[in-house]
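# A closer look at the structure
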Amino acid sequence: MASEAGLFAATKKFKEAISILNGVTSDKFPLLLSRIVSRLHLRAERVFSDEEEAQLRELLGVSAAQLGTILDASSFVFEQAAFHVAKPGVLESNLRDAGLGDTQTEAFRSVWEAEGGAFVNRLREDAWHPPLALEDFNWRLNLQMGQNGVSRMKNPSAVFEFSLQSAEKDGADKFVTEMSRDQLLEFLNALDTVQEQVDALT
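Residues numbered from 1 in each chain as written. Predicted model: local features only at pLDDT ≥ 70, side-chain atom pairs only at ≥ 80, totals over all residues. Heavy atoms only, no water.

### What about the packing of helix α2 (residues 29–39) against helix α4 (residues 64–83)?
Quick note on the threshold: Fitting a line to C-alpha atoms yields each axis, with helices limited to the stretch in contact; the angle taken between N-to-C directions then spans 0 to 180 degrees. Per the convention used, a helix needs a DSSP run of H or I reaching at least four residues, while a strand needs a run of E reaching at least two, with both numbered from the N terminus. Whether a crossing is left-handed or right-handed is set by the direction in which the near helix is turned from the far one by less than a right angle, anticlockwise for left-handed and clockwise for right-handed. The contact criterion used throughout is that any non-hydrogen atoms of two residues lie within 4.5 Å. Polar here means any residue outside two lists: the nonpolar Ala, Val, Leu, Ile, Met, Phe, Trp, Tyr, Cys and Pro, and the charged Asp, Glu, Lys and Arg; Gly therefore counts as polar.
Taken N-terminus to C-terminus, the directions of α2 and α4 make an angle of 65 degrees; their axes are 10 Å apart at the nearest point. The handedness of the crossing between α2 and α4 comes out as right-handed. Along its contact with α2, which presents F29, L32, L33, I36 and V37, the element α4 presents I70, L71, S74, S75 and F78. Each residue belonging to the contact of α2 with α4 can be placed in one class, and the counts come to eight nonpolar, two polar and no charged.

Structure below.
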């Protein structure tokens, strides 16, 4: 159960998201939030299609980047509320403390009051499905060469193949992904953070 405070850390990224959310004045905002919370449990699917996002940008008067922040931040708010099983009043007070405006806070509160219970139940149902476990992985370096060989090497990348095992069926599923140098560095930094958090718990 959530306490009266502590749902949202006052990070720079979250503060920037709050600033953008405060600029949303459309009376359609509650409908947008309702759509998000109704589909947020569908991890493999987008909440809005490309065409719908284009319509939202025009409706809200925001850029593509700003719309992405609105959708991500709204999803994060509902995910945090679900994780803490927060009551509508607790969510409201936390959003106000984070600097969200009255109109936007009321939109989140009303949508969470109406649909939060169903969202939490959907997450609980999904939790009955065991997660995939990493059984094995392989990697290789992918080099795109220019006409003059190594001296004209372009865009090196790393290709990973993960073998994922489910307790519900035999055999492993293969998942292949390719990462650029920058993406690989970001991934390794994230792994370092995960390792630090795991070490702190052991």
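There is more to say, and it comes next.
### Overview of the pattern of salt bridges
Put simply, the rule is: Whenever a carboxyl oxygen of Asp or Glu lies within 4 Å of a side-chain nitrogen of Lys or Arg, that contact is scored as a salt bridge. When accessible area is computed with a 1.4 Å probe and restricted to protein chains, residues below 20% of their type maximum are described as buried, those above 50% as exposed, and intermediate ones as partly exposed.
All chains considered together, the criterion is met by eight salt bridges. Put simply, E52 and R35 hold a salt bridge, and the shortest N to O gap is 3.1 Å. Of this pair, E52 sits in helix α3 (residues 50–60) while R35 is found in helix α2, placing the two residues 17 residues apart along the sequence. For R35, a relative accessible area of 28% translates into the label partly exposed. Put simply, R96 and E92 hold a salt bridge, and the shortest N to O gap is 2.9 Å. Placement of both R96 and E92 in helix α5 (residues 88–97) is noted, with a separation of four residues, approximately one turn of the helix.

### Let's talk about α4
Quick reminder of the rule: Helices are assigned an expected span. That span is 1.5 Å times one less than the residue count.
End to end, α4 covers 28 Å across 20 residues, agreeing with the expected 28 Å (1.5 Å per residue, within 8%). The complete set of buried residues in α4 reads L67, I70, L71, A73, S74, S75, V77, F78, Q80, A81 and A82.

### Side note on the nonpolar core
Defined as follows: Nonpolar cores were defined as sets of buried Ala, Val, Leu, Ile, Met, Phe, Trp, Tyr and Cys residues, with membership established by side-chain atoms within 4.5 Å.
Residues F29, L32, F78, F108 and W112 are the most contacted members of the largest nonpolar core, which totals 37 residues. Of all the elements in the fold, those that place two or more residues in this core are α1 (12–22), α2, α3, α4, α5 and α6 (102–126). Per-element accounting of this core gives the leading share, eight residues, to α4. Setting aside anything within four residues of it in sequence, one finds F78 in contact with L33, I36, V37, L40, F108, V111, W112 and F119.

### Thoughts on the packing of aromatic side chains
Here is the rule: Centres within 6.5 Å are what make two rings of Phe, Tyr or Trp a pair, Trp counting through its six-membered ring; a difference in plane orientation under 30 degrees is then read as stacked, over 60 as edge-to-face, and the rest as tilted.
Under the defined criterion, the tally for this structure stands at 11 aromatic pairs. Ring centres 5.9 Å apart and planes at 20 degrees place the aromatic pair F78 and W112 in the stacked group. Linking F78 in helix α4 with W112 in helix α6, this pair joins segments that are 34 residues apart in sequence. Here F78 and W112 have matching classes, each one buried. Arranged with centres 6.3 Å apart and planes meeting at 75 degrees, the rings of W112 and F119 form a pair that is edge-to-face. For W112, a relative accessible area of 4% translates into the label buried. Grouped by ring-pair contacts, the aromatic residues F29, F78, F108, W112 and F119 constitute a single cluster.

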